[in-house]
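Below, each chain spelled out in residue letters.
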Amino acid sequence: MSKRPTAFEIEEYLERFNYIEVINNINKFNGETLECVIIKKEQIGNIFNDFHHHSLYEMLYISKGKVQYGIEDEKYDLNAGDFVLIAPNVLHKLIKIVEEPCERIILTFTKKYIDTFKTENTDLSVIFQKIASSNNHKLTVLPAFKAEISDTLNKMQGLFLSKEYGDDLLFKAYFAQLLIRMNKEVSFIENEDELDEKNNIIHKARIFAINNLDKKISVSDIASEVGLSVSRLSHLFKEKTGISLLKFLNKKRLTRAKDLLKNGYSITNTANKCGYQDYTSFIRAFTKEYGISPTQYIKDSKE
């Protein structure tokens with residue numbers, strides 16, 4: 001059996017997915033090709049201490065304690081038994097641990113991995129597609145299903161990286177079982193604040209920002225769109241989401257930039273399509289965010 005990696009080592013592996021993504025989203029860990037990673041954590045990570053995004057799917061299950069989690073324009077208070085799903089390129093962050101001991105199980109996998117289970121009748125990624133329409137990442141799980149989820153995830157962790165006969169297939173079987181049950185039986189929690197005026201303003205600001213990433217819009221432009229002062233909107237957005245509106249805007253621009261570069265756009269065209277006023281400022285922002293220049297990112301994506 002391979003030596004099981006530590007939480008920090010796997011975080012480093014996931015960080016490489018964020019910063020240096022090869023064209024098929026495949027990487028190596030100690031010589032092992034990993035398309036699906038499961039990890040149990042108790043503390044806040046040493047690497048992802050800011051809002052971040054990656055090209056992976058992520059499922060977070062709270063098995064003990066309470067946490068506050070930020071995803072895009074929403075903060076979620078999560079208790080034991082709660083589940084959140086995060087699609088690729090969605091900004092997210094563990095804001096704080098509210099109640100200890102806090103145990104979270106994180107299941108992270110590539111699009112290629114989940115697509116291997118796709119059939120004519122079944123697409124396991126459907127539940128992630130529902131997130132976009134509901135704008136809600138927190139799931140309602142029936143009590144009986146909570147026990148099953150916890151048991152399945154614990155079994156998967158025990159099988160992770162095992163070299164014993166059949167364990168790789170058992171891991172995949174549990175993965176498929178979990179996603180099938182979730183797609184069939186899990187519903188999204190209704191947002192109790194859906195009609196709240198502040199939430200509507202924040203949602204409107206977020207959508208306006210995302211829809212205008214190709215323009216040189218500023219926080220002032222967004223504030224004018226929603227009819228608030230810059231200071232008032234900035235305060236509300238940070239209070240609601242845990243991230244400043246300016247940082248959110250910049251991170252979404254860079255998220256789009258990665259996709260454009262990966263799909264063959266030149267650095268100059270990418271900068272223009274992501275609202276940057278000049279080539280130099282884009283290079284500087286991209287390198288600061290990802291620790292790699294756009295030129296090197298393009299090169300790594302082609303290897």
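Provided above is the structure to which this section pertains.
Nothing here was measured: the structure is a model prediction, and the numbers come from that model.

The next point concerns the packing of aromatic side chains. According to the stated counting rule, one finds 14 aromatic pairs in the structure shown. Feature note: the residues Y57, F109, Y113, F117, F128 and F175 constitute an aromatic cluster, connected by ring pairs. Stacked on the ring of Y290, the Lys or Arg K258 has its end atom at 4.6 Å from the ring centre.

With that settled, consider the packing of helix α9 (residues 245–262) against helix α12 (residues 294–302). Here α9 crosses α12 at 50°, and the two axes come no closer than 9 Å. In terms of orientation, α9 lies oblique with respect to α12. Of the two elements, α9 crosses α12, and the hand of that crossing is right-handed. Within the contact between the two elements, α9 uses K258, L261 and K262 and α12 uses P294, Y297 and I298. Residues of the contact of α9 with α12, tallied by class, amount to four nonpolar, no polar and two charged.

Along its 12 residues, helix α11 (residues 279–290) runs 17 Å from first to last C-alpha, staying within 8% of the 16 Å computed at 1.5 Å per residue. All of the buried residues along α11 are S281, F282, F286 and Y290. For α11, the angular spread of the buried residues around the axis is 135°, confining them to a single face. What points out from α11, more than 90 degrees from its buried face, is the exposed set R284 and K288. Between the side-chain oxygen of the N-cap and the backbone nitrogen of T280 there are 3.1 Å, and the N-cap of α11 in question is D278. Looking one or two residues beyond α11, the residue adopting positive phi is G291, at roughly 70°.

Ranked by size, the top nonpolar core spans 50 residues in total, and within it M59, L107, F109, F128 and F175 carry the most contacts. Looking at which element gives the most residues to this core, the answer is strand β4 (residues 57–71), with eight residues. Residues in contact with M59, not counting those within four places in the same chain, are F83, V84, L85, I105, I106, L107, F109, F128, L178, L179 and M182.

Now for the side chain of K252. Along the polypeptide, K252 turns up in helix α9. Here K252 falls in the buried class, since its relative accessible area comes to 11%. At 2.9 Å, the side chain of K252 forms a polar contact with the side chain of E72. Once residues within four sequence positions are removed from consideration, K252 is found in contact with E72, N89, L91, I210 and L213.

The rules behind the values
Residues numbered from 1 in each chain as written. Predicted model: local features only at pLDDT ≥ 70, side-chain atom pairs only at ≥ 80, totals over all residues. Heavy atoms only, no water. Phe/Tyr/Trp six-rings, centres within 6.5 Å; stacked < 30°, edge-to-face > 60°. Lys NZ or Arg CZ within 6 Å of the ring centre and 35° of its normal. Axes fitted to C-alpha atoms, helices over the stretch in contact; angles between N-to-C directions. Helix = DSSP H or I, 4+ residues; strand = E, 2+ residues; numbered from the N terminus. Parallel < 35°, antiparallel > 145°, perpendicular 65-115°, else oblique. Left-handed = near helix turned anticlockwise from the far one by under 90°. Contact = heavy atoms within 4.5 Å. Nonpolar A, V, L, I, M, F, W, Y, C, P; charged D, E, K, R; others polar. Expected span 1.5 Å × (residues − 1). Buried < 20%, exposed > 50% of the residue type's maximum accessible area, 1.4 Å probe, protein only. Arc of directions from axis to C-beta. Polar contact = N/O pair within 3.5 Å; in protein donor to acceptor, adjacent residues only side chain to side chain. Core = buried A, V, L, I, M, F, W, Y, C linked by side-chain atoms within 4.5 Å.

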